[in-house]
Amino acid sequence: MAKKCSLLLLAFVLYLIHCQSTIAQLQNKISAIDLDALHQIKNTLIDIHAVSSPHFFSSWDFASGDPCSSFAGVTCSSSEQPRRVESLVLGTGLSGSPGFAGTLSPFIANLTELSQLVLFAGIVTGSIPSELGSLKKLRVISLTNNLLTGTIPASIFSLPDLHTLDLGHNQLSGTMPPTISASIQLKVLVLADNKISGQLPRGFPEKLLHLDFSQNNISGMLPARMSASLRYLSASQNRMWGPLNCLESTLELEYLDLSMNNFSGGLPTSLFQPKLTSMLLQRNNLSGGFPPLAPYPYGPGSIIDLSRNFLTGELTRVLVGVESLFLNNNQLKGTVPKEYFGSLSLGKTKTLYLQHNYITGFPTAAESSWPPWDLVAVCISYNCMEVPVVVGIMACPSGIGEQISRPAYQCSAFHNRNTTPKEKED
Ligand SMILES: *[C@@H]1O[C@H](CO)[C@@H](O)[C@H](O)[C@H]1NC(C)=O
Ligand SMILES: *[C@@H]1O[C@H](CO)[C@@H](O)[C@H](O)[C@H]1NC(C)=O
Ligand SMILES: *[C@@H]1O[C@H](CO)[C@@H](O)[C@H](O)[C@H]1NC(C)=O
Ligand SMILES: *[C@@H]1O[C@H](CO)[C@@H](O)[C@H](O)[C@H]1NC(C)=O
């Protein structure tokens, strides 16, 4: 009996909700300004739909449709009268969907309640309308993987609630606006793979978690202090130089990629901590040695690449247990701590590149505890020792004469000299 009653009650409630939403639909017309803006936005974009994928704008029927309930990618406020567009997602983001050509209409700036603007990958050209800087409610702007040109409008960084700005993989040029640091709510900033040049602003927002400006033409040094909350930093493939001291304040870092720049000086000790499980500093001008710290519990998936620098001294135990460890093409000497072989035997370390150094010893263990050589890559050729016969070098990057020792004269010259040589030897 009780069950039946509650079922009836539920049906009644659902009926009420249905009535209300029907009434709401009749009353809640979209604002005329927003309707016009949607029209203009559609007019400047060309849907380059393949035959196989659905045509994104096919649901945008201005003659009879209600944008708030039937237009793909349009989400409106429910409380306001008339209804306003709160979120605009242009494109499906489905893989294989070619996206749009055309340009972004400045009429977007008439959608003054917009909090999210997303344009999926395509070949949209032209500049980012600077009018976006007047949309005070914007939290998310994502315009990745298109052909947008021009500069990043500085006004964007005065938006009070801006949380995510992703402009990666376009053709943007100019410099990074110095106003970036004023964007106090900004958590995610992606400018990767553009043509941005000049130097970085003097600072980044304090709450920034994710910063990626890799593959640009940025020169100069990192700011004296990086945001302490930063978890992800990629500056790879720019033209930056200077020391890495500023990373002493970024203790939350989990991912660091500064590869292919000209950073110099030593490795800050703060980089050796178990949270930082991806450290990519290869192809820089780094020098100095490793801190004499005990190994951290680096886990599966950890990767540290310090290859092609000018690191000196003996390898310490600090990186034992890293799953993929690349230390090749440096100026390391001495004996590799036996724990590195132990970590291979335990299956923790799967890749160990030590080739092209001046190492004189690589202790292995009894055959019973050898690692499965077909599952690991250990490269130790071109050092100042005989390559131990046991080591599987099948997976090493091989060149002519790759599986040999370094010529003796190079070793004696290196070990007799106190100063480090200036050129890198390949
Ligand atoms: C809408 O945007 C256009 C283009 O930026 C502008 O000329 C026009 O004044 C705007 N209309 C309103 C009502 O804001
Ligand atoms: C890179 O930036 C420098 C100025 O720092 C400029 O002279 C050069 O033309 C830029 N290169 C490209 C490819 O944009
Ligand atoms: C590093 O500096 C050298 C010498 O100044 C220069 O030739 C080279 O292009 C620089 N490399 C990068 C990636 O900036
Ligand atoms: C590379 O580092 C050395 C110091 O180790 C420095 O003298 C040199 O100027 C640096 N080169 C570049 C291009 O930054």
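Residues numbered from 1 in each chain as written. Chains lettered and ligands numbered in written order. Predicted model: local features only at pLDDT ≥ 70, side-chain atom pairs only at ≥ 80, totals over all residues. Heavy atoms only, no water.

Looking at an unreviewed UniProt entry, one finds the protein chain named Leucine-rich repeat receptor-like serine threonine- kinase BAM1, with Olea europaea subsp. europaea as its source organism.

(A) Fine view of the sheet that holds strand β13 (residues 239-242). Within the open sheet, the eight strands sit side by side as β9-β11-β13-β15-β17-β19-β21-β23. Their pairing is parallel. Single-partner strands in this sheet number two, and they are β9 (197-198) and β23 (358-361). Here helix α5 (residues 408-416) sits on the sheet and contacts β21 (331-335) and β23; the angle it forms with β23, its principal contact strand, is near 95 degrees. (Pairing = 2+ DSSP bridges. Helix = DSSP H or I, 4+ residues; strand = E, 2+ residues; numbered from the N terminus. Contact = heavy atoms within 4.5 Å. Axes fitted to C-alpha atoms, helices over the stretch in contact; angles between N-to-C directions.)

(B) Structural detail: the nonpolar core. By size, the foremost hydrophobic cluster in this structure holds 96 residues, and its most contacted members are Phe213, Phe290 and Leu319. For this core, the elements supplying multiple residues, two or more each, are α2 (32-44), β2 (74-76), β3 (85-90), β5 (116-119) and α4 (339-345). Contacts of Phe213, omitting those with residues within four sequence positions, involve Met176, Leu191, Ala192, Leu200, Ile218, Leu222, Leu233, Ser234, Ala235, Asn238 and Met240. Formed by five residues, the second largest nonpolar core is a distinct cluster that contains Phe326, Tyr353, Cys379 and Cys396. (Core = buried A, V, L, I, M, F, W, Y, C linked by side-chain atoms within 4.5 Å. Buried < 20%, exposed > 50% of the residue type's maximum accessible area, 1.4 Å probe, protein only.)

(C) Inspection of the site of ligand 4 at higher detail. Around ligand 4, the neighbouring residues are Asn262, Ser264, Asn285 and Ser287. Asn285 is positioned such that a nitrogen or oxygen atom in its side chain is 2.3 Å from an oxygen atom of ligand 4. For ligand 4, whose free accessible area comes to 370 Å², the fraction covered by protein is 38%. Elements that contribute at least two residues to the shell around ligand 4 include exactly β15 (262-265) and β17 (285-288). The class makeup of the residues in the shell around ligand 4 is no nonpolar, four polar and no charged. (Near = heavy atom within 4 Å. Polar contact = N/O pair within 3.5 Å; in protein donor to acceptor, adjacent residues only side chain to side chain. Areas by Shrake-Rupley, 256 points an atom, 1.4 Å probe, with all protein chains shown as cover. Nonpolar A, V, L, I, M, F, W, Y, C, P; charged D, E, K, R; others polar.)

(D) The arrangement of the environment of Val378 in detail. Inspection of the secondary structure puts Val378 in strand β24 (residues 377-379). The spatial distance from the C-alpha of Val378 to the C-alpha of Leu325 is 9.7 Å, given a sequence separation of 53 residues.

(E) Expanded view of a nonpolar patch on the surface. Taken together, the side chains of Ile46, Ile48, Ile123 and Leu147 define a hydrophobic patch exposed on the protein surface, amounting to about 300 Å² of accessible area. Inspection of the secondary structure assignment puts Ile123 in the loop between β5 and β6 (140-142). (Patch = residues over 30% accessible without salt bridge, like charges linked within 9 Å, V, L, I, M, F, W, Y side chains within 5 Å. Salt bridge = Lys/Arg side-chain N within 4 Å of Asp/Glu carboxyl O.)

(F) Local environment of the site of ligand 2. Within the structure, ligand 2 sits among Ser197, Asn217 and Arg239. Contacts to ligand 2 include Asn217, whose side-chain N or O atom sits 2.3 Å from an oxygen atom. Note that an oxygen atom of ligand 2 is positioned 3.2 Å from one of the side-chain N or O atoms of Arg239. Compared with its free state, where it exposes 360 Å², ligand 2 has 31% of that area covered by protein.

(G) View of the pattern of salt bridges. Under the criterion given, the structure shown has seven salt bridges. Across the pair Glu254 and Arg231 runs a salt bridge, and its minimum N-O distance is 3.7 Å. Separated by 23 residues along the polypeptide, Glu254 in the loop between β13 and β14 (255-257) and Arg231 in the loop between β11 (217-220) and β12 (232-234) bring together distant segments of the chain. You can call Glu254 partly exposed: its relative accessible area is 37%. Of the charged contacts, one joins Lys350 and Glu323 as a salt bridge, the two residues approaching to 4.0 Å between their closest N and O atoms. Placement of the pair is Lys350 in the loop between α4 and β22 (351-353) and Glu323 in the loop between β19 (310-314) and β20 (324-326), with a sequence separation of 27 residues. Note on Glu323: relative accessible area 18%, which makes it buried.

(H) How the structure looks around the pairing of β5. Pairing geometry for β3 and β5, over four bridges, is parallel. When the bridges of β5 are listed, Leu90 appears paired with Leu119. Pairing analysis gives three bridges linking β5 to β6, with the strands arranged parallel. If you follow Val118 over to β6, its bridge partner there is Ser142.

(I) Spotlight on the side chain of Asn328. When you line up the elements, Asn328 lands in the loop between β20 and β21. Here Asn328 falls in the buried class, since its relative accessible area comes to 6%. Residues in contact with Asn328, not counting those within four places in the same chain, are Ser307, Arg308, Tyr353, Leu354, Gln355, His356 and Asn357.

(J) Quick look at the confidence of the model for the protein chain. The predicted model of the protein chain averages 87 in pLDDT, with 87% of residues at 70 or higher. In the model, residues 1-26 has pLDDT below 50 throughout and makes zero contacts with residues more than four positions away in sequence or in other chains. (pLDDT = per-residue confidence, 0-100.)

(K) Spatial organisation of unusual backbone geometry. Here the phi dihedral of Met260 falls at roughly 60 degrees; this positive angle occurs in a residue that is not glycine. Examined against the element boundaries, Met260 turns out to sit in the loop between β14 and β15. For Arg283, which is not glycine, the phi torsion reads 60 degrees and is therefore positive. Inspection of the secondary structure puts Arg283 in the loop between β16 (278-280) and β17. Judged by relative accessible area, which is 43%, Arg283 ranks as partly exposed.

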